[in-house]
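# Coordinate inspection notes
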Amino acid sequence: MISTHLFMSTVHLLLIFFFSFFGTASYLRVIQPVSCTKNPIFKCSEMETKALLSFKEGLTDPSGRLSSWVGEDCCNWTGVGCDNSRGHVVKLDLRNSLPVIEFGYRVIKFGYGVIEFEYGVIEFEYEDYLDEKLKAYEKSCLGGKISPSLLNLKHLSYLDLSLNNFSGNTVPKFLGSLESLMYLNLSFSFFSGVVPPQLGNLSRLQYLDLTSYSSSNIINYFISFPPWGLEVKSLQWLVGFPSLRYLNLGYVNLEKVPDWLHSVNMLPSLVELHLVECGLASLPHSVSSNNLTLLSVLDLSLNNFNSSIPHWFSNVSGLSTINLANSLLRGAIPDGMGHLANLRSLALADNILIGKIPNSFSNLCNLQTLDLYSTNISGEVVEFLDGLSQCSNNSLEYLDLSFNRFLGGNLPYSLGGLKKLKTIYLIETSVGGSIPDSIGNLTSLQTLDLYGSSVGGSIPDSIGNLRSLQTLDLSGSSVGGSIPDSIGNLTSLQTLHLFGSFVGGSGSSVGGSIPDSIGNLRSLQTLDLSGSSVGGSIPDSIGNLRSLQTLDLSGSSVGGSIPDSIGNLRSLQTLDLSRSSVGGSIPDSIGNLRSLQTLDLSESSVGGSILDSIGNLRSLQTLDLSYNQMNGAIPESVGKLSMLVTLRLSGNSWEGSLTEAHFQNLTRLKSLDLSAELSANYTLVFDVKHDWVPLFKLREIYLSDMKIGPKFPAWLQTQNKLITILLDNVGISDTIPHGLWKSCPNVTSWSLSGNKLRGQVPYFQFHPSADSFDLSSNNLEGPLPLFRSNLSEISLQNNMFSGPIPENISELLPKLSWLDLSSNSITGRIPHSIGMLKGLIGLVLRNNSLSMKLPPHWKDLRKLVVLNLAENNMSGSVPSSMQYLKSLREISLSQNHLEGELPFFFRNYKYLLVLDLGGNKFSGKLPAWIGESLSSLLRLSLRSNLFHGNIPPQLCLLLSLQILDLAHNDFSGAIPQCLGNFSDDQYSRFYNYSDQEMLLVSKGREYLYGGSSIRHFLSIDLSNNNLSGEIPDNVTSSSKLVNLNLSMNHMFGRIPENIGNLHMLETLDLSMNELSGPIPESLSSLTFLSHLNLSFNNLSGKIPNGYQLQTLNDSSIYEGNSLLCGPPLSTKCSEDETKPRVAKENGRGIESISFYISMVAGFIVGFWGVCGTLIIRTSWRHAYFRSFDNLKDKIAVFVMVKIVRLLRKVK
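As the structure is a computational prediction, the values presented were derived from the model and not from experiment. What you see as residue numbers is a count from 1 along each chain, following the sequence as written. pLDDT decides what is reported in this predicted model: residues at 70 or higher carry local features, side-chain atom pairs at 80 or more are listed and counted, and totals for whole chains, interfaces and linings draw on all residues regardless. By convention in this description, side-chain values take in all heavy atoms of the structure and omit both hydrogens and water.

We now examine the pairing of strand β38 (residues 700–704). Relative accessibility thresholds used throughout: buried, under 20% of the residue-type maximum; exposed, over 50%; partly exposed, between the two (1.4 Å probe, protein chains only). Each helix corresponds to a stretch of at least 4 residues labelled H or I by DSSP, and each strand to a stretch of at least 2 residues labelled E; elements are numbered beginning at the N terminus. Taking burial as the measure, the five residues of β38 include four buried ones, the bulk of the element. Strands qualify as paired when DSSP identifies two bridges or more between them. In this structure, strand β36 (residues 671–675) lies alongside β38, joined through five bridges in parallel fashion. In the sheet register, L674 faces β38, and the bridge partner there is L703. Strand direction decides the pairing type here: β38 and strand β39 (residues 724–728), joined by five bridges, are parallel. Residue E700 lies in a different strand from β39, and its bridge partner there is T724.

With that out of the way, let us pick up empty space enclosed by the protein. A cavity, in this analysis, means grid points on a 1 Å lattice covering only the protein atoms where a 1.4 Å probe fits yet has no way out; a pocket is instead an open set bounded by protein on both sides within 12 Å along at least five of seven lines, and a residue lines either one if it has an atom within 4 Å of a point. Grid points are joined across faces, edges and corners, and a volume is the space filled by probe spheres set on the points. Per the counting criterion, the structure on display carries five cavities of 30 Å³ or more. The calculated volume of the second largest cavity comes to roughly 40 Å³. Lining the second largest cavity are V381, L385, L399, L401, L411, L415, I424 and L426. Just so you know the grouping, Ala, Val, Leu, Ile, Met, Phe, Trp, Tyr, Cys and Pro go in nonpolar, Asp, Glu, Lys and Arg go in charged, and all remaining residues, Gly too, go in polar. Here the lining of the second largest cavity is built from residues that sort into eight nonpolar, no polar and no charged.

For the rest of this paragraph, the subject is the environment of Q236. Relative to the helices and strands, Q236 resides in the loop between β9 (230–231) and β10 (246–248). Classification of Q236 by relative accessible area gives partly exposed; the value is 44%. C-alpha separation for the pair Q236 and V264, spaced 28 residues apart in sequence, amounts to 9.0 Å. What makes two residues a contact is simply this: any of their non-hydrogen atoms within 4.5 Å. Residue contacts for Q236: discarding those within four places in its chain leaves D259 and S263.

It is worth spelling out unusual backbone geometry at this point. The phi angle of most residues is negative, glycine excepted, and most peptide bonds adopt the trans form. Residue G709 is joined to P710 through a cis peptide bond whose omega torsion reads 15°. With respect to the helices, strands and loops of the structure, P710 is situated in the loop between β38 and β39. Here P1127 and P1128 are connected by a cis peptide whose omega angle stands at 5°. Here P1128 is to be found in the loop between β70 (1123–1125) and α14 (1135–1138).

Here we come to helix α9 (residues 382–389). Burial in α9 covers these residues: F384, L385, L388 and S389. Buried positions in α9, seen along its axis, are confined to an arc of 120° and lie on one side of it. Buried residues in α9 make contact with β18 (369–371) and β20 (398–400). An arc is given here, and it is the one of the directions from the helix axis to the C-beta atoms.

Bear in mind that shape data such as this cannot, by itself, settle questions of function.
Set out below in structure tokens:
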């Protein structure tokens, strides 16, 4: 949208240029009293010849435009015109002949590149194109000083010095003495200072153009000139121009002339008035007397009126053109404007208006141009279009209602009645409905642009009647269906845009496939279906589009192979199939595209190798085959691409060597991006001689995962224009050369990570604009290379740096935003000045030997997002000043000696994703606010601390939680029933901030997870606590859970039957609990399970033997469960145990079959151990029964005594 807005604004400027440069023809016929000829009857006088030669001497003429100014007959000199009757010099036309408008237009065609240029991401070939054009323009300009010898040209009536460069000189005052002058044009010639009021003496003047320049000029937009300009302090001198018909003071500063309208109103002959971007702040709502009765053209665009549109405009009945665009106008459009019967052009674009299009506009039957682009108007288009179509001779040719989101209604059928329409823009409006069939009546239509509108339906077949149509853009609209075959009837079509949106918005809904009839569009120059739903394959008929210059199918659903017929597109300049489904190999016919400048097949499915015919593309400037399925060797014919500026081949399976021959003719190469697939052995080798001096001067180099070392590449130091250096994992095991920064003084981004660089880092004097420095994952040692600079990102992790962090780090690196020094041997404390780095976003000091307390000053680090101080020796408590770190996404303080309760102010970290405090001495109860306030939390680790009490059920509110690690504490009570609603859908948010390394226990061992390995690692670890109760069924509801560890607690009951729902489970540890019952059969369906521990419980029955459990053939998994049987245990199961088991619950979960077996065995032992002995031994039998008789007698006596005592008490 930004690019479109820039383009449209630039179109408005082009219109200004049109009126400035081409709108003068009618005035030339009036102004010139006589015609000029190269064969006059009389020769010019000696005085006039000398005057012109003196004038020439004061000028600079780099291109020799005045080389013909020799000899005596000045009438034959370039730019000089003479009177036929007497030979006097009457005309001096030295306007710059360079087609600046064409130059500006060609630049505008790179509109999207202009936006990128503002952010410094300009394509290098485009920059070179600009350089060439700018140099040509500067060379063609006349300059120097204007000699007063012109005063000797007494009959001079026409003077044009426009489009030159007088480098800020003032407009000569003596020009006001050229009494015969009727035409004066000094526009765009870089004069400066105050416009001399002496010009008011030119009483015969009919045409005056002093157009200056500003930041919004097309010329100055692309050419950097000194900040000079013209200004006017008073316009009283305009009174001296009774015959002035044309006045253009565009871009002249009139801020000090509040009464400008009063002065202009004194010009009774004025027909055209142009006061574009003059800094005007007042627009009077009334005039005392209107003298502008002849005024036809009024252009007050690009001013700062900040007022409503005055009603007196409606009284200037002769107005045919009104341009008030971009002038801070507000309020409603006056209804009286609809009564200007002569009005042919009305431009109110880029203002803040209200209300709808006035009903009176239906009366503007002569209106040819209506530009209401981005005016905030509302209402519906139906009434306006219906009314205007009623004019029998309606003249509307250009209609732009774009960027009015509140403008709605459906496209009416009456649209087809505006038969002179050539241009329709409804970009980003709410105009809906479908394209009416009557659109086919607009046989003069050249542009139909519905980009981003609400127009839906399908493309009508009647679209094929628009034989004059040159541009059709339905991108981002709601138009759907397929591309009709009738599209092939648009034989004048030059641009077809059906592209979708790459930024999350809705793209074009047009689908289907590309019809074969597309091959009939012989005038087509641009076909853009990027990001659309168009599928199928590229038809062979595409080869018929001999005028095609741009074919963009990037990001679309188009698949299949690239047809051989593509080689017939001899005019093709851009072929972009990136991010599409196109596969197969590159056809050999692509070598026929001799005009091709850009070939982008990146991130598609193209395979095979690069053919030798690629070397035939001698116009190619960009070759991007990155991230495909290509393989083989890169051919030496790539070195024949002498125009190549950008070469990107990364992300493929290249092999072989790259030698000097691959780069022999690449003298224009600016960007080189090469890599092979990451593997144990390098498959691609950069094999050049040590003293090789390339012919190119790179701006950026990206080489990774290929062999360049072991020596540091000496040729790199010849690349003194480099801005970006990336040499990651290229096998360099050398030291960094001293003075490397001197060889590459302009580098702003350094990356040499993943090599084996050794030794100390030499001194670097960074470029003032340098922003990143990455030496991570090497073998570098010595003190930290934190040199004074403006760097914002420093990555030095995974090296052997030692010593302290400089105490004055905030002075050395005042713009630091990211600092990663993890996994080194840094000692000492974190300097207190770290708290002065107000722009700091990330501070990662993990795995060092830092000690002492945390710094006390954190209040100013309001932008801090990542704080990782894990695995150090820091002690004490968390300072209270950390309460101001409300932007934190990650805080990791694990594996230190910190103590105290969990700080209450942590609840203010509303955006926190990671909280890792494991391996410290934090104590107290787990607060409920963790679940209530930290709703975005992804990972929570409090393992190996001194926390106690229950696990609060509020943790279940953490719907995004993916890692919960509370192991090795003293938590008690039951596990909350709701725990386990895990999801990995949240990893797309801030994943760059939440990929820091984290120590986790999995498969019985500690692992350091980080980067992509942690993004989808879902884990619950509550081991080694005092938890009790049954395992909640809900814990099995997360099918993506990878690790579940509840070991070393007091859990009882059964293992949940639906444990098999955890399809992604790799680790399950329930050991050292009091679980009972059988092992669920569903456990055997966990195909990813690689670590299982159920030991030391009360489990019983046969161990399931299906699927994954058969691979876990380790008896220690089940030891300590005496009632388990079956492999891998040596205990065999009885026949009954092999049958299906029917469970019968008791308090401890013992099965009924085990109970009955024990009962039978007890009966046999008890009965025969006692009764059998009495039957066999007679003496034992007599003694046994005798003892019973004695016991009976004792009981009887005891009872009788008690009864007697009771009766006595009763009496």
